[in-house]
Amino acid sequence: MKIGFVSLGCPKNLVDTEVMMGNIASAGHSLTASPEDADVIVVNTCSFIDPAKKESIDTILEMAEYKKSGKAQRLVVAGCLVERFRNEIATTLPEVDAVIGTNELDKVVAMCEGLSPKDEPITPYLYHDLTPRIRTTPRHFSYMKIAEGCDHPCTFCVIPHYRGAFRSRRFESVINEAKNLFADDVREINLIGQDTTCYGEDLGLKDGLAVLLERLAQIETEHQKWIRFLYCYPNRVTQKLLDTIAANEALVKYIDMPLQHASREVLKRMKRGSNGDQFLKLLERIRKTIPGVAIRTSMIVGFPGETDADFSELCQFAEAAQFDRLGVFSYSDEDTSASFHLDAKVDAKTIYNRKRKLMAIQRKISAKRNKALIGTETTVLVEGPSADSDLVWQARMSTQAPDIDGVCYISDPGDGPLAKGQFRRMKITQAHDYDLVGELIDEGRPVAVPPQPLFPILASHQTPNALPHR
Ligand code: SF4
């Protein structure tokens, strides 16, 4: 059978898709990148806010068309939409032949082959280093899930309902997978989980993430390597973690730490605690410990009860904090979230205006911070032709994460070959609001990184920037 996969949502969902593809291939089935050609289509869905739900349902209906026009016999739906609407999918979407929850990835072969699901309790699932996985990202970088689920009580978030309680992958399993990835042309590993800073707490490890990062940085490779972790929780950012990042060259100087708001009142209603003053002290400690660190955060505007005063406090905080990267998200009133039951809901127009205002503040900050980089030299990872034109290649600095941050456009490729996966020296010559332009100033060396991903998927809509959770 030929099976095609669509992957929606966040990088954690993408890794789930890659694990399902690995299971399919190791069961002897083949993968196809064209929906017309697929005997079975699997849509791995996202469902944490309205736009993501809508996109998932639209994509399911789009793929269902191939059962009429193409070869497709079966349509299988996986992921967070199943966790939220398992029964509704069965009753309202007759086009769907089978569903797979986030803890049932190892059932994908049976569901594609049309076997009826066994009536057995669903247990928490987490892949490991021996699990077959087919990477779909460009060969030079990879995501690696180090944990699943979440125990935090954020009132706006529904993810713990879908992904279950927090659980870490075994330490050696993560180390082995990293070794395999670096041996398989990967130059950059991005560690992910709902909250990476909780890593190891359930394994009895103190400062588990710092210990893990230290060990990952020691992995011997024939090439330079970058190790990044995304999604850290502010009150889990320890001095040991910061010292570990500062002390290890392979650990990129990049902190992704969603704060969600700065008003003490709003953070209290979000059940996240803390406040803007404490966050400013934390940012100061981070910048003091890790010189040149880039800090990314995300904020939610329009949370129930957010007053004009709360919002202006958030704007003043963003001005004072001077983040390198800041994503702004409109509050989404999910009926399965605790905040759904809060009073003082903010109207859509106000939410829209607040989002625009905070994004405008950040655009100016980002442009100013980028301008300050003109004339400096930095190491970049060459990514390949840019999305806009094959003639213009792009690269990323270590302070630019894949898929969510800006890039560096290459105005002059310098001497020698230019290839994906090369680490090169770049001199920044121009700055835009989010992106940079620069010339390569060293001699390019051939690299052994094959240009194409191991396997493309049918369509991957990374719900743009939609990562306000954590
Ligand atoms: S926002 Fe993040 S940390 Fe909070 S409950 Fe959701 S997944 Fe957990």
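Cut-offs and rules
Residues numbered from 1 in each chain as written. Predicted model: local features only at pLDDT ≥ 70, side-chain atom pairs only at ≥ 80, totals over all residues. Heavy atoms only, no water. Helix = DSSP H or I, 4+ residues; strand = E, 2+ residues; numbered from the N terminus. Rg over C-alpha atoms; globule rule 2.2 N^0.38 Å. Buried < 20%, exposed > 50% of the residue type's maximum accessible area, 1.4 Å probe, protein only. Contact = heavy atoms within 4.5 Å. Salt bridge = Lys/Arg side-chain N within 4 Å of Asp/Glu carboxyl O. Domains from an automatic or database assignment. Buried area = accessible area lost by both parts, 1.4 Å probe. Polar contact = N/O pair within 3.5 Å; in protein donor to acceptor, adjacent residues only side chain to side chain. Nonpolar A, V, L, I, M, F, W, Y, C, P; charged D, E, K, R; others polar. Core = buried A, V, L, I, M, F, W, Y, C linked by side-chain atoms within 4.5 Å. Pairing = 2+ DSSP bridges. Axes fitted to C-alpha atoms, helices over the stretch in contact; angles between N-to-C directions.

Right, let's talk about the overall build of the chain for a bit. Along its length, the chain carries twelve helices and 19 strands. Computed over C-alpha atoms, the radius of gyration of the chain comes to 22 Å, within 12% of the 23 Å expected from 2.2 N^0.38 for 470 residues, which places it in the range of a compact globule. For the chain, the spread of C-alpha atoms along the three principal axes comes to 60 × 60 × 45 Å. Classification of the 470 residues of the chain by burial places 58% in the buried group. Of the contacts formed within the chain by residues at least 6 apart in sequence, a portion of 74% connects residues at least 24 apart.

Side-chain pairs of opposite charge can arise where the charged atoms are in close proximity. Tallied over the entire structure, the rule returns 39 salt bridges. One salt bridge connects Asp-335 with Arg-84, and the closest N-O pair in it is separated by 3.0 Å. Of this pair, Asp-335 sits in the loop between strand S13 (325–330) and helix H12 (348–371) while Arg-84 is found in helix H3 (residues 80–92), placing the two residues 251 residues apart along the sequence. Accessibility expressed as a relative area gives 46% for Asp-335, which makes it partly exposed. Taking relative accessible area as the criterion, Arg-84 reaches 11% and is therefore assigned buried. Across the salt bridge formed by Asp-129 and Arg-170, the nearest N and O atoms sit 4.0 Å from each other. Separated by 41 residues along the polypeptide, Asp-129 in the loop between helix H4 (108–113) and strand S6 (141–145) and Arg-170 in the loop between strand S8 (167–168) and helix H6 (171–183) bring together distant segments of the chain. Salt bridges sharing common partners tie together Asp-50, Lys-53, Arg-84, Glu-334 and Asp-335.

Next up on the list: the domain arrangement of the chain. Examined at the domain level, the chain breaks down into domain 1 (2–120 + 454–466), domain 2 (141–371) and domain 3 (377–440). A C-alpha centroid distance of 28 Å is found between domain 1 and domain 2. Between domain 1 and domain 2, the contact holds 19 residues from the first and 19 residues from the second. Roughly 1,600 Å² is buried in total at the junction of domain 1 and domain 2, and carbon and sulfur atoms are behind 53% of that figure. Where domain 1 meets domain 2, there are five salt bridges. For Arg-163, the salt bridge is made with Asp-16, and the minimal N-O distance between the two is 2.7 Å. Our enumeration of links across domain 1 and domain 2 arrives at 14 residue pairs in polar contact (both at pLDDT 80 or more). Mapped onto the side of domain 1 that touches domain 2, the elements with two or more residues apiece are helix H1 (11–26), helix H2 (50–69) and H3. A per-element tally of the side of domain 1 that touches domain 2 places H1 first, with six residues. Its residues assigned to classes, the side of domain 1 that touches domain 2 comprises eight nonpolar, five polar and six charged.

Let us now look at the nonpolar core. By size, the foremost hydrophobic cluster in this structure holds 112 residues, and its most contacted members are Leu-191 and Leu-358. If near-sequence neighbours (up to four positions away) are discounted, Leu-191 is found in contact with Met-144, Ile-146, Thr-196, Leu-209, Leu-212, Leu-213, Leu-216, Ile-227, Arg-228, Phe-229 and Leu-230. Listed in part, the 17 residues of the second largest apolar core include Leu-75, Leu-81, Val-82 and Val-96.

What follows deals with the sheet that holds strand S16 (residues 408–412). The mixed closed barrel is built from five strands, whose spatial order is S14-S15-S16-S18-S17. Within the sheet, the average angular offset between the axes of one strand and its neighbour, ignoring direction, is 55°. As judged from the five bridges shared by strand S14 (residues 377–385) and strand S17 (residues 423–431), these two strands associate in the antiparallel manner. Its bridge partner lying in S17, Leu-381 is registered against Phe-423.

Below, the discussion takes up the sheet that holds S13. Pairing is parallel in the open sheet, where three strands are placed in the order S11-S12-S13. In this open sheet, the two strands that pair with only one neighbour each are strand S11 (254–256) and S13. The average angle at which neighbouring strand axes cross in this sheet is 15°, direction not considered. Where S11 meets strand S12 (residues 294–301), three bridges bridge the pair, whose relative direction is parallel. Bridge assignment links Asp-256 to a residue of S12, and that residue is Arg-296. Docked against the sheet, H12 engages S12 and S13, running at close to 175° with respect to S13.

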